[in-house]
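Chain by chain, the residues:
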Amino acid sequence: MRYFLQKILLCLMFLSPVFADPLQHGKYFHEDMDIDLTKYYVSEKLDGFRGYWNGKVLRSKTGYAYNPPKWFTEKLGNKPLDGELWIGRDKFEAIIPILNGTNNVEDWHKVNYMIFDMPAEDMTFKERVKYMEEYIPSLKLPYVQMIPQNRVANINELKKVLDNVVAQKGEGLVLHHEDAFYGSGRVNHLLKVKKYDESKGQVIAYKPGKGKYKGMVGALVLKLEDGMIVNIGSGLSDEMRKNPPPKGEMVAFIYNGLTKHGKPRFARYKRMRLPAME
């Protein structure tokens, strides 16, 4: 039931017309990449919803307009802001009914707008960081904060920072090259750092459960973008095994590298793929 309730909430959330802005998106970092980490800023990757303020409207990364209370946006100014609507680590699902308006509007007081970039500023990221450090506090809005941008000297330091974030139930990190100008689409200068790899697939069938899962779904059969078929059983809750996502739905899963045959290793379910994330 929880899955179907979320689907209903999400449909309500994204009924508004789409006017997508040309936002930039990161690629995944791998240790074998030949990059100089000292040239990158490091920040925490927050597990919330992308929020792009274009000076007039607050939108998701695919252009859906949020409907926050007037007080939330009336003093954001006319400079475009790129960030994350976030209420805390490991609280991704809890923010959904706030953003789609099914919760009491007062719950927007729980939402922080965490800024990681200012797209319209014609500067390198290093210059934009300095600019944000002055501009964001000048708004004098306690719920609008700049995500700290730090540095690491090498891969070992990066791993320690990642371990610390994950230990606190954080999602991961983001690397942003200091000389990069704001781009659009998937860019090479923005890298997501996680303990695992992540992908998505379309549900095309189900594997029957065995033992304690008899009569329920044992695994979701997913078709990936490249046509590969992957079975995902690990990570499914009993509730989802009883009421699995319908065929045709997209779900996200995580894994640890690839097997010698090129298939995701130790693949496990993460969550359903929300429209705002596509």
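What this report covers is the structure whose coordinates are included nearby. Owing to the predicted nature of the structure, the values given are computational and were not obtained by experimental measurement.

**Things to note about the pairing of strand E9 (residues 185-193)**
For step 1, the next point in the chain: By the bridge criterion, four bridges tie strand E1 (residues 24-28) to E9 in an arrangement that is parallel. Paired with His25 across the strands is Arg186, a residue of E9.
For step 2, the next point in the chain: As paired strands, strand E8 (residues 172-177) and E9 are joined by four bridges and run antiparallel to one another. Across the sheet, Leu175 pairs through a bridge with Leu191, a residue of E9.

**A look at the environment of Lys195**
For step 1, the next point in the chain: Tracing the chain through its elements places Lys195 in the loop between E9 and strand E10 (197-208).
For step 2, the next point in the chain: Judged by relative accessible area, which is 46%, Lys195 ranks as partly exposed.
For step 3, the next point in the chain: Distance from Lys195 to Glu74, taken between C-alpha atoms, is 38 Å for residues 121 residues apart in sequence.
For step 4, the next point in the chain: Apart from the residues lying within four places of it in its own chain, the contact partners of Lys195 are Leu162, Asp163, Val166 and Asn256.
For step 5, the next point in the chain: Engagement of the side chain of Lys195 in a polar contact is seen with the side chain of Asp163, the distance being 2.3 Å.

**Observations regarding the sheet that holds strand E4 (residues 58-59)**
For step 1, the next point in the chain: One open sheet holds the five strands; their spatial order is E4-E3-E5-E6-E7, and the pairing between them is mixed. The outermost strands of the open sheet, each flanked by one partner alone, are E4 and strand E7 (144-146).
For step 2, the next point in the chain: Contacts from helix H3 (residues 92-99) reach strand E3 (49-53) and strand E5 (81-86), with the element oriented near 45 degrees to E3.
For step 3, the next point in the chain: Of the strands in this sheet, E5, strand E6 (112-117) and E7 are in contact with helix H4 (residues 125-138), which crosses E6 at around 150 degrees.

The rules behind each value
Residues numbered from 1 in each chain as written. Predicted model: local features only at pLDDT ≥ 70, side-chain atom pairs only at ≥ 80, totals over all residues. Heavy atoms only, no water. Pairing = 2+ DSSP bridges. Helix = DSSP H or I, 4+ residues; strand = E, 2+ residues; numbered from the N terminus. Buried < 20%, exposed > 50% of the residue type's maximum accessible area, 1.4 Å probe, protein only. Contact = heavy atoms within 4.5 Å. Polar contact = N/O pair within 3.5 Å; in protein donor to acceptor, adjacent residues only side chain to side chain. Axes fitted to C-alpha atoms, helices over the stretch in contact; angles between N-to-C directions.

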